[in-house]
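Chain residues, written in single-letter form:
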Amino acid sequence: MIHVSATPVLALRGASKRFGAVQALTDVHLEVHAGEVVALVGDNGAGKSTLVKAIAGVHPIDEGVVEWEGRPVSISKPHDAQELGVATVYQDLALCDNLDVVGNLYLGRELRRRGVLDEVTMEQKARELLSTLSIRIPSVRIPIAGLSGGQRQVVAIARALIGDPKIVILDEPTAALGVEQTAQVLDLVERLRERGLGVILISHNMADVKAVADTVAVLRLGKNNGTFPVKDTSHEEIIAAITGATDNAVTRRAERRTTEAAK
Amino acid sequence: MSDTTKTPTPKGTVPAAAEDPTAAAVAAPAVDPRLLVREEGFKGYITEFKRKVKGGELGSIPVVVGLIVIATVFQLNNDRFLSADNLSNIGYYMAATGMLAIGLVFVLLLGEIDLSVGSVSGLASAVFAVVVTKHGMDAWLALLLTIVTGVAIGALHGWFFARIGVPAFVVTLAGFLGWNGLMLWLLGSSGTINIPSDDGPVSLLGKSSFLLDQDIVGAYLLAGLAVLSLLVGSFMDQRRRRAAGVPFRPTSEIVLRVVALAVVAFAAAVMFNNSAGVPNALVIFLVCLVIIDFVLRRTSFGRKVFAVGGGVEAARRAGINVELVRITVFAIAGGFAALGGMFFAGQTSSATMLAGGGNTLMLAIAAAVIGGTSLFGGRGTVWSALLGMLVIQSISTGLSLLNMEASIQYMITGAVLLGAVVIDSVSRRSQKAAGRA
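All of these numbers come straight from a predicted model, not from anything done at the bench.

Student: Just checking my understanding: could you explain the pattern of salt bridges for this structure?
Tutor: Inspection of the entire model under this criterion finds 22 salt bridges over all chains. The partner of A:R18 in a salt bridge is A:E63, with the nearest N and O atoms 3.6 Å apart. Of this pair, A:R18 sits in strand 1 (residues 10-19) while A:E63 sits in strand 4 (residues 63-68); the two residues are 45 residues apart in sequence, bridging distant segments of the chain. A:R18 sits in the partly exposed class, given a relative accessible area of 39%. Given the relative accessible area of 41%, A:E63 is considered partly exposed. A salt bridge links A:D97 to A:R152; its shortest N-O distance comes to 3.6 Å. In this pair, A:D97 is assigned in the loop between strand 6 (86-89) and helix 3 (101-105) and A:R152 in helix 5 (residues 149-161), connecting sequence segments 55 residues apart. Here A:R152 falls in the partly exposed class, since its relative accessible area comes to 27%. A network of salt bridges, in which partner residues are shared, links A:D100, A:E119, A:E123, A:R141, B:D237, B:R241 and B:R303.

Take a look at the structure:
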């Protein structure tokens, strides 16, 4: 980990969100510092997606405060989040298959020169960006359809960086990837941290979390269930926080195995 | 690129090599070894060409093959087919349906269809005829009104599709019937309104209106302008790209392209001059093609159209106003349909009950698809309107040279349309297999 500043870039304090009769988030706290990877974990329905959508401005929170670099802000639509510097990478449907890599990277914020698309500068900058992230793609001028799943995911993440964000939210970036592609994406996450960005990583994969995250924030049933520094926390402790008990199927099994091994 | 990614290379995708400083080598435009690089020169063209065809990127091959077959068959049956007069006829008559096809290219790029363009073109000519002959409106003002009518109708279709969520197919099918009905109502009992064609847009689009009053300079001027702009544009682009350190087109390729265009353009110019000159309708059609090509390839709006056609959800997340793009595209299609209607009116100097009916719509769709614009959205260029119309108009001119009945013409056109869609579907499938769609 590089330097972590005292004031978090993004902080949620007492965030709550209701959908009809469902209390999706209750009094949730979350802090993300510059140069920090925060893994957001929890079982299905724990509120991870709701929390991320709240930060991204898709579903604004009902109660609570969002602080950006120490001052309270209101994020009520996706545009607000983008203006602040929050970039969200969704796990699917993020790219247009028929456009080339450059076209996708700059989609929605094309560079123009005298009112005309400035393909040359866009291509030049795209190559620079991809090379600083050590992303290797055969050519920035081939359609996305010609890339592998892992390459698409890194392009999607690189795309989030075009707008110079301060916080990048990755929604299960490795869910559909193979071993090698996963490693590529995790490498990229580390490079984002080196650039001083705050990263919120949603993942069900504990190995990924342990590999790249600095902090693990656990959600359970819409509430905080502990925030752990990754390097001092064991796998089991995180699992326990996710499932909400130290006595559950996972720990019982682990115990059984240790006692068996002791025999 | 599936065939290339499997090839193990020293610079492959091994993440362990992430610290590898070769990334710095990007300063010089290094080419990834996984990419099937085109060799310089003529041999490179052939390898690249073979690979593309295998991958299903047929481009304009079906059109060229089709044109050769059509020309051979008709020439064998009637030796007037390849005469300058007949070819010049094809050039004139293809402009009207071609205008409809330009609008359809936009709609097809979204992956949608507009079945109303034929009816809208008929309605447009009726609107023009009524306001000019019955209300004595100035012809150019009436032209503007006609185009605005087309745009408004298209925007209405787009609104129903984008906002209400009615499938475009159904909205425009309703339009197909409804606007045809409105046209019949406007024309009233007489069924035909003759439009004075001494001057104004109708005379400009008429069969005896030529660029620079048939001066042979006109055709050469056009051809020269086209060749020169390609030459200058390509070299300027090459210089900027070279300066920016991104891959650029080699000089040999630019020369080859320019020479190819020059051969085609000047051959066409000589042919038109052997006949009567370049029809103004064709000139306007070509100008529209150039403008629209620019809009589609070089502006943000064009990029948005392709993005929505390639992935609606991705486009939406990129902050593109999908609804607005859809409405605009249908409005453009309506506008071009109205313009096309004026071209039809120019052909006959009248607005008739038959205008925009019959197989007009089918021919326009067939032209766009034959030219290489995919029915599935996101792939195509506006030049497909030109290439496709060459095929379609050659067929229909050839058939009328042979005095074929309408029944035969319809069957052949239907078969050609089906063939074009089959080629599109098959090429899309092989593109998928080659990881390019």
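The rest of the description comes next.
Student: It is not clear to me how the packing of helix 4 (residues 84-109) of chain B against helix 16 (residues 383-401) of chain B should be interpreted in this structure. Could you clarify?
Tutor: Helices that pack against each other are described as a pair by the angle of their axes relative to one another and the distance between those axes. Residues and elements named next belong to chain B. At a minimum axis separation of 8 Å, helix 4 and helix 16 run at an interaxial angle of 135 degrees. Taken together, the axis directions place helix 4 and helix 16 in an arrangement best described as oblique. Viewed along their axes, helix 4 and helix 16 form a crossing whose handedness is right-handed. Residues N86, I90, Y93, M94, T97, G98, A101, I102 and V105 of helix 4 form the contact with helix 16, whose participating residues are S384, A385, L386, M389, L390, Q393, S394, T397 and L401.

Student: Mind showing me how you'd approach the nonpolar core here?
Tutor: Note on soluble globular proteins: their nonpolar side chains tend to be buried together. Of all hydrophobic cores here, the largest spans 111 residues; its most connected members are B:M99, B:I102, B:F128, B:F285, B:L296, B:F343 and B:I365. With 16 residues, the top contributor of residues to this core is helix 4 of chain B. What B:I102 contacts, discounting residues up to four positions off in sequence, is B:F285, B:C288, B:L289, B:I292, B:F336, B:V382 and B:A385. Among the nonpolar cores identified, the runner-up in size contains 53 residues, and A:V102, A:I142, A:V189 and A:V216 belong to it.

Student: Please explain the confidence of the model for chain B as it appears in this structure.
Tutor: Residues and elements named next belong to chain B. Across chain B, pLDDT averages 84, with 87% of residues at or above 70. Here helix 1 (residues 2-5) is the element of chain B with the lowest mean pLDDT, 38, and helix 6 (residues 139-164) is the one with the highest, 96. For the stretch residues 1-30, pLDDT sits under 50, and the model shows 38 contacts to residues farther than four places along the chain or on other chains. Both scores are available for the predicted complex, with the pTM at 0.84 and the ipTM at 0.79.

Student: Help me understand helix 12 (residues 300-310) of chain B, please; the structure alone is not making it clear to me.
Tutor: Residue pairs three or four apart in sequence face the same way in an α-helix, which turns once every 3.6 residues. Burial analysis of helix 12 of chain B places eight of its eleven residues in the buried class, which makes it a mostly covered element. Buried residues of helix 12 of chain B: B:S300, B:G302, B:R303, B:V305, B:F306, B:A307, B:V308 and B:G309, and no others.

Student: Help me understand the sheet that holds strand 3 (residues 37-41) of chain A, please; the structure alone is not making it clear to me.
Tutor: Residues and elements named next belong to chain A. Taken in spatial order, the six strands of this open sheet run 6-9-10-3-11-12, and their pairing is mixed. Only two strands of the sheet have a single partner each, and these edge strands are strand 6 and strand 12 (223-229). Sheet twist, expressed as the average angle between the axes of neighbouring strands with direction ignored, equals 20 degrees. Here five bridges tie strand 11 (residues 215-220) to strand 12, and the two strands are oriented antiparallel to one another. By the bridge assignment, L219 is partnered in strand 12 with N224.

Student: Even after reading the chapter, I still don't get the packing of aromatic side chains, so can you show me in this structure?
Tutor: How two aromatic rings sit relative to each other is given by the distance of their centres and the angle of their planes. Summed over the entire model, instances satisfying the criterion amount to five aromatic pairs over all chains. Here the aromatic rings of B:F161 and B:F330 are separated by 5.5 Å at their centres, their planes lie at 55 degrees, and the arrangement is tilted. Separated by 169 residues along the polypeptide, B:F161 in helix 6 and B:F330 in helix 14 (residues 322-348) bring together distant segments of the chain. Residue B:F161 is classed as buried on the basis of its relative accessible area of 9%. You can call B:F330 buried: its relative accessible area is 0%. Just above the ring of A:Y90 sits the side chain of B:R317; from NZ or CZ to the centre is 4.2 Å.

Student: Would you mind showing me how to read helix 4 of chain B here?
Tutor: All names here are of chain B. Taking 1.5 Å as the rise per residue, helix 4 with 26 residues should run 38 Å; its terminal C-alpha atoms sit 35 Å apart, in good agreement. For helix 4, the principal kink sits at A95 and spans about 40 degrees. Of all 26 residues in helix 4, 22 are buried, a share of seventy percent or more. One or two residues past the end of helix 4 sits G111, with phi positive at roughly 80 degrees.

Student: So what exactly am I meant to see when it comes to empty space enclosed by the protein here?
Tutor: All names here are of chain B. Taken as a whole and judged by the stated rule, the model has two cavities of 30 Å³ or more. In this model, the second largest cavity occupies a volume close to 30 Å³. Around the second largest cavity sit L363, I392, I395, S396, I412, T413 and V416, which together line it. Breaking the lining of the second largest cavity down by element, the ones donating at least two residues are helix 16 and helix 17 (406-433). Counted by class, the lining of the second largest cavity contains five nonpolar, two polar and no charged residues.

Reading the values: rules and limits
- Residues numbered from 1 in each chain as written.
- Chains lettered and ligands numbered in written order.
- Predicted model: local features only at pLDDT ≥ 70, side-chain atom pairs only at ≥ 80, totals over all residues.
- Heavy atoms only, no water.
- Salt bridge = Lys/Arg side-chain N within 4 Å of Asp/Glu carboxyl O.
- Helix = DSSP H or I, 4+ residues; strand = E, 2+ residues; numbered from the N terminus.
- Buried < 20%, exposed > 50% of the residue type's maximum accessible area, 1.4 Å probe, protein only.
- Axes fitted to C-alpha atoms, helices over the stretch in contact; angles between N-to-C directions.
- Parallel < 35°, antiparallel > 145°, perpendicular 65-115°, else oblique.
- Left-handed = near helix turned anticlockwise from the far one by under 90°.
- Contact = heavy atoms within 4.5 Å.
- Core = buried A, V, L, I, M, F, W, Y, C linked by side-chain atoms within 4.5 Å.
- pLDDT = per-residue confidence, 0-100.
- Pairing = 2+ DSSP bridges.
- Phe/Tyr/Trp six-rings, centres within 6.5 Å; stacked < 30°, edge-to-face > 60°.
- Lys NZ or Arg CZ within 6 Å of the ring centre and 35° of its normal.
- Expected span 1.5 Å × (residues − 1).
- Bend = angle between axes of the 7 residues up to and from the residue.
- 1 Å grid on protein atoms, 1.4 Å probe; cavity = no way out; pocket = protein on both sides within 12 Å on 5 of 7 lines; lining within 4 Å.
- Points joined across faces, edges and corners; volume = space filled by probe spheres on them.
- Nonpolar A, V, L, I, M, F, W, Y, C, P; charged D, E, K, R; others polar.

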